[in-house]
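Spelled out from the first residue to the last, the chains are:
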Amino acid sequence: MPPRIPASERTSQKLDELLTQGVADGDARTELLKLAVRRIVEEALEAEVAEAVGRGYYENGAAPGAGYRNGYRRGRLSTAEGAIEYGVPQVADRPEPFVSRVRAGLAGRTAELERLAVEMFARGLSTRDIEAAFRDATGASTLSRSAVSQVTERLWQEYEAFATRDLNEFAIAYLLVDGVAERLHAGLPREAVLCAWGITDDGQKVLLHLAPGTKEDTASCTAFFEDLKRRGLADPLLVVTDGAPGLIRAVETCFPRALRQRCLVHRLRNLRSKAPESRWPEIALRARGCYEAASSALATVLRDDFVQTYERELPAVVQCFTDDFDACIAHLRFPLRHRRVVRTTNLLERLFLEERRRTKIIPHAFGERPVLKLMYAAVIRAAERWRGIAVGEFEQRQLRAIRDELGRAHAERVAPAVAAKGTAAVRKIRVDR
């Protein structure tokens, strides 16, 4: 006899099989939606029964009068996709018959359930959203807090799958990394959660990783990047970050073949903090003219002019402007149509705004698990609305040429300083060529 397992687990197995086979055609997508709705309904009913009998599916120790599980019978839900059958857990040996409030609330709620299924499996929902979707005609919730938490725990499983998936399929040209401060632990200061997304060689934007980064120190950032590399991410052409020293050192250590771009929005904020308010419009205009020059050579000329103009009167401004200057103009080596996108971390900043709108509805959620669950639900939803950037044939040739150039430069940097005897002449011939 096969082992007895909850109906929701059997549905999950079918759902996993379907996802493994692929859902490209319309019939498969319809079946995916049906299974998603079925699993959510079954999980909600099982959570309600667990609360009623006072124990989980495999747990012993029934309280007198609480009753016991007595198998399943079939329920049917009419939807726009057709009838959906689901398992209804039965409860026996109670003074009063068990009546499911969840099942009673399903009548007329199919549209909300379908939207809930899509949100749960594609974008994610907060506990409050799910609780609101299961309210009856009187406004009372048909799901207890514990039942809602059990359903939303699927988000954590989705996050874990996202954070461990293989990245070999992504050929990343531009990697953008930034952190957002979140209160991961009650009573402690906010800690950084690092987020990375990339733009592939063909212009598609993809969210790559989301993980705690402590204080954006070198060790945390290095571990973040090493995890990306362990999962198959190759060196990008350009990595865009703010000026956090730990993040910069980690980029230079983990991606030795990549150029580094310093976010110009952050750099201009640094400059403004050093400049007199009355002079800022003039300084900002000259700085932007340098950062947005047509080429690196012209930017260098404009930098020298900036230094000559302000070095005596405003030395702090000049020092800030010249600090890490090469990283501020790295984007000028890339295709013209891409520069506006890759010279700042603005897209990540907008992503964090979406995340803030989402997480502020539960301001007292603490702990890495609940916070990351909510953050993932927010950022994956926003990421799916991203549009790619144009990469024509000319840009593709430019990117290939830059990749070859960076590869040669890295090979020269790591080449032995003293050539083995017998190879010096060969190397000299190659250099002469």
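Residues numbered from 1 in each chain as written. Predicted model: local features only at pLDDT ≥ 70, side-chain atom pairs only at ≥ 80, totals over all residues. Heavy atoms only, no water.

Draft legend 1. Structural detail: the overall build of the chain. The secondary structure content of the chain amounts to 19 helices and 7 strands. Sorting the 433 residues of the chain into buried and exposed places 46% on the buried side. Sequence separation of at least 24 residues holds for 66% of the intrachain contacts in the chain that already meet a minimum separation of 6. Accessible area of the chain: about 22,600 Å², with a carbon and sulfur share of 52%. (Helix = DSSP H or I, 4+ residues; strand = E, 2+ residues; numbered from the N terminus. Buried < 20%, exposed > 50% of the residue type's maximum accessible area, 1.4 Å probe, protein only. Contact = heavy atoms within 4.5 Å. Areas by Shrake-Rupley, 256 points an atom, 1.4 Å probe, with all protein chains shown as cover.)

Draft legend 2. View of the pattern of salt bridges. Inspection of every chain in the model, using the stated rule, returns 20 salt bridges. Note that D201 is salt-bridged to R403, the shortest N-O span being 3.0 Å. Placement of the pair is D201 in the loop between β4 (191–200) and β5 (205–214) and R403 in helix α18 (residues 393–414), with a sequence separation of 202 residues. A residue is classified by how much of its surface remains accessible, and R403, at 31% relative accessible area, is partly exposed. Taking the shortest distance from any N to any O, the salt bridge between R260 and E252 comes out at 3.4 Å. A relative accessible area of 13% places R260 in the buried class. Among the residues examined, E252 registers a relative accessible area of 46% and is labelled partly exposed. (Salt bridge = Lys/Arg side-chain N within 4 Å of Asp/Glu carboxyl O.)

Draft legend 3. Seen up close, the environment of H209. Its location among the elements puts H209 in strand β5. Sequence separation between H209 and W197 is 12 residues, and the spatial gap between their C-alpha atoms is 6.9 Å. Dropping the residues within four chain positions of it, H209 is found in contact with F162, A163, L194, C195, A196, F224, D227, L228 and R231. In terms of polar contacts, H209 uses its side chain to reach the side chain of D227, at 2.9 Å. (Polar contact = N/O pair within 3.5 Å; in protein donor to acceptor, adjacent residues only side chain to side chain.)

Draft legend 4. Geometry of a nonpolar patch on the surface. A contiguous nonpolar patch, built from L298, V301 and L302 and spanning about 230 Å² of accessible area, is present on the exposed surface. Note on V301: relative accessible area 52%, which makes it exposed. (Patch = residues over 30% accessible without salt bridge, like charges linked within 9 Å, V, L, I, M, F, W, Y side chains within 5 Å.)

Draft legend 5. Representation of the packing of helix α11 (residues 280–291) against helix α12 (residues 296–310) within the structure. Running from amino to carboxyl end, α11 crosses α12 at an angle of 155°, the nearest separation of the two axes being 8 Å. With respect to α12, the axis of α11 lies roughly antiparallel. Seen from α11, the contacting residues are E282, I283, R286, A287, G289 and C290; seen from α12, they are A299, L302, R303, D305, F306, T309 and Y310. Partitioned by chemical class, the residues of the contact of α11 with α12 number 7 nonpolar, 2 polar and 4 charged. (Axes fitted to C-alpha atoms, helices over the stretch in contact; angles between N-to-C directions. Parallel < 35°, antiparallel > 145°, perpendicular 65-115°, else oblique. Nonpolar A, V, L, I, M, F, W, Y, C, P; charged D, E, K, R; others polar.)

Draft legend 6. Broad picture of the side chain of R339. Relative to the helices and strands, R339 resides in helix α15 (residues 336–342). Despite its burial, R339 remains without a salt bridge, the nearest opposite charge being carried by E292 at 9.8 Å. Among the polar contacts listed, one links the side chain of R339 to the backbone oxygen of A294, at a separation of 3.2 Å. Excluding residues that lie within four positions of it along the chain, R339 makes contacts with A293, A294, H331, L332 and F334. (Lys, Arg positive; Asp, Glu negative; His and termini not counted.)

Draft legend 7. Local environment of unusual backbone geometry. Phi at D93 takes a positive value of approximately 65°, unusual for a residue other than glycine. Tracing the backbone shows D93 in the loop between β2 (82–92) and α3 (101–106). What makes D93 exposed here is its relative accessible area of 56%. The phi angle at D324 is positive, at roughly 55°, despite the residue not being glycine. Its location among the elements puts D324 in the loop between α13 (315–322) and α14 (325–328).

Draft legend 8. Region of the structure containing the nonpolar core. Core analysis: the biggest nonpolar cluster contains 57 residues, and Y159, Y174, L175, L207, L208, L210 and F225 have the highest contact counts within it. Those residues in contact with L210, other than ones at most four positions away along the chain, are Y159, F162, V193, L194, C195, M375, Y376 and V379. Among the nonpolar cores identified, the runner-up in size contains 24 residues, and A275, C290, A293 and C328 belong to it. (Core = buried A, V, L, I, M, F, W, Y, C linked by side-chain atoms within 4.5 Å.)

Draft legend 9. Local environment of the side chain of R260. Secondary-structure assignment places R260 in strand β7 (residues 259–262). Here E252 takes part through its side chain, which lies 3.4 Å from a polar atom of the side chain of R260. Of note is the side chain of R260, whose polar atom sits 2.8 Å from the side chain of D324. In this structure R260 touches L238, V239, I248, V251, E252, D324, A327 and A330, once residues within four positions along its chain are discounted.

Draft legend 10. Structural context of helix α9 (residues 245–254). G246, L247, I248, A250, V251 and C254 are the residues of α9 that are buried. Buried residues belonging to α9 abut β3 (172–182), α8 (218–230), β6 (238–241) and β7.

Draft legend 11. Molecular detail of the pairing of β6. The alternating pattern of β6 places L238 and V240 on one face and V239 and T241 on the opposite face, and all of these are buried. Here β3 pairs with β6 via 3 bridges, running parallel. Its bridge partner lying in β6, Y174 is registered against L238. The pairing of β6 with β7 spans 4 bridges and is classified as parallel. From the neighbouring strand, T241 faces β7, where its bridge partner is R262. (Pairing = 2+ DSSP bridges.)

Treat this as a map of the structure, not an account of what it does.
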